[in-house]
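Listed below, chain by chain, are the residues.
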Amino acid sequence: MLSSTTLFPFKPYINPSQKSFARKPTNSSFTITSPTAYLPNKITDEKYVRVLDTTLRDGEQAPGATMVGHQKLALAHQLASLGVDVIEAGFPVSSRAEFETMQIIAKEVGNCTDASGRVPVVSAVSRMVQRDIDTTWEAVRYAKHPRLNVFIPTSEIHLKYKLNKTKEEVLRIVEEMVSYTRSLGVMDIGFISEDSARSEKEFLYQVFGEAIKAGATTITFCDTVGCKLPNEWGQFIADMKANIVGVENVIISTHCHNDLGLATANSLAAINAGARQVEVTINGIGERAGNAPLEEVVMALKYRGEDLLGGLYTGINTKHIVMASNMVEKYSGLSIQPHKPIVGANAFVHGSGIHQDGVLKHRATYEFISPEEIGLSRSTGYNGIVLGKLSGRHAVKSRLLELGYEFDEKKFEEIFFHFKAIADKKKVSELIGARLK
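Cut-off values and rules
- Residues numbered from 1 in each chain as written.
- Predicted model: local features only at pLDDT ≥ 70, side-chain atom pairs only at ≥ 80, totals over all residues.
- Heavy atoms only, no water.
- Buried < 20%, exposed > 50% of the residue type's maximum accessible area, 1.4 Å probe, protein only.
- Helix = DSSP H or I, 4+ residues; strand = E, 2+ residues; numbered from the N terminus.
- Pairing = 2+ DSSP bridges.
- Right-handed = clockwise from strand over helix to strand, strands pointing away.
- Axes fitted to C-alpha atoms, helices over the stretch in contact; angles between N-to-C directions.
- Parallel < 35°, antiparallel > 145°, perpendicular 65-115°, else oblique.
- Left-handed = near helix turned anticlockwise from the far one by under 90°.
- Contact = heavy atoms within 4.5 Å.
- Nonpolar A, V, L, I, M, F, W, Y, C, P; charged D, E, K, R; others polar.

**Student:** Residues and numbers for the pairing of strand S4 (residues 146-153), please.
**Tutor:** In terms of burial, S4 is a largely internal element, 7 of the 8 residues being buried. Examined bridge by bridge, strand S3 (residues 121-127) and S4 share 6 bridges and lie parallel to one another. Within S4, the residue paired with Ala124 across the bridge is Leu148. Once you follow S3 into helix H3 (residues 130-140) and on to S4, the crossover reads as right-handed. Alignment of S4 against strand S5 (residues 189-194), held across 6 bridges, turns out to be parallel. From the neighbouring strand, Asn149 faces S5, where its bridge partner is Gly190.

**Student:** Could you give an account of the pairing of strand S6 (residues 218-223), naming the residues involved and the relevant values?
**Tutor:** With 6 of 6 residues buried, S6 is to be regarded as a mostly interior element. Burial of S6 is two-sided: the residues Thr218, Thr220 and Cys222 facing one way and the residues Ile219, Phe221 and Asp223 facing the other way are all buried. Across 4 bridges, S5 lies against S6 in parallel orientation. For Ile192, the partnering residue across the bridge sits in S6 and is Thr220. Each parallel crossover has a hand, and for S5 linked through helix H6 (residues 201-214) to S6 it is right-handed. By the bridge criterion, 6 bridges tie S6 to strand S7 (residues 251-256) in an arrangement that is parallel. By the bridge assignment, Thr218 is partnered in S7 with Ile251.

**Student:** I'd like a description of the packing of helix H8 (residues 263-272) against helix H9 (residues 294-308), backed by residues and values.
**Tutor:** When two helices pack together, their arrangement is given by the angle between the helix axes and by the axis-to-axis distance. Taken N-terminus to C-terminus, the directions of H8 and H9 make an angle of 50 degrees; their axes are 9 Å apart at the nearest point. In terms of their interaxial angle, H8 and H9 are classed as oblique. Here H8 runs over H9; the crossing is right-handed. Residues Thr264, Ser267, Leu268 and Ile271 of H8 pack against Glu296, Val297, Ala300 and Leu301 of H9. Within the contact of H8 with H9, the residues separate by chemical class into 5 nonpolar, 2 polar and 1 charged.

Read these as spatial facts, not as claims about activity.
See the structure below:
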């Protein structure tokens, strides 16, 4: 078995001035406990990875993807069925309707207990402005496990051109606003550094140290513009874990965008380096090129977490993935590309004759993931085979048998010859059914 360091062998840089605060590796064994026991700043099983779904917040920021209140509520219920640990329900100061929808989600979904006794955390995002924090807390406070996430940019480019503030001013704002949030009685506070990936590490050590000291329970590092490579992002998280004062008292979270197509890989690298919360969206929707897709990250952990990542796992009920994906596609109006991993229309469909022959003999020859694991069910007579010009004899014969036709070899060869002649001219599937009508 490969060790958990085989995939991303990170060696964190230790800031000499903070060496005494660096986390030390431990060989202590942990008993796997139920993920239903929720503590804001602690996960009793070190192998458990919390899933924060931000489809209703960051996902909805994709141009054209806004949803109305009843759609957001229905999707929140589906996310709860999916087993999402934290439902980031929106940005309540954006509109009155958004605020009211979030209150309903907090009261309804945020107090709904599933069969295992689990209740999802309902969170909302706020700028570090007192009036925004007040409004945001009022939106989520009625959930059994409410969380308030406050954010501020930390990169030089954001400080100079967007905030027009100095590092000293940002440090003061962080300390004051996290403390203020705590003073409201908020016990679960997420602190988010926007554009962490392009921020100076030494400054981040200070910023996150102040946030933790003021009461943050989860700290989130964002690759806001999706510019990092997996080895970079994993090393980044390892360095943060090794140098931030008080980091052992909080949950490290990772939030990756997909501008280089690496959001899933970067999320896995961060998890391997010590992050124990991953922020994702259904179908990967979100700003610009989107976010890390929940279905990809979760299925990667489910199928490779044991052998390559030291047994890391989530509490997601993967059989609800397809339903959630379909709802997001319908409500957001954003179509899923056919070759999208896990949930694309072609993800479990085979068009090559060689592949078709293989899956007809044994599905595992070309299906690494079982489609039933994500909630797909093959209807009677459907086996994931799409007939076309690349199909071979095995696939065509199999389809004929499904339709109730069995021929001797001579007659079959004649049918196969005519099938190929049509398939070479027409971009049509199910040609056998059309031929026999």
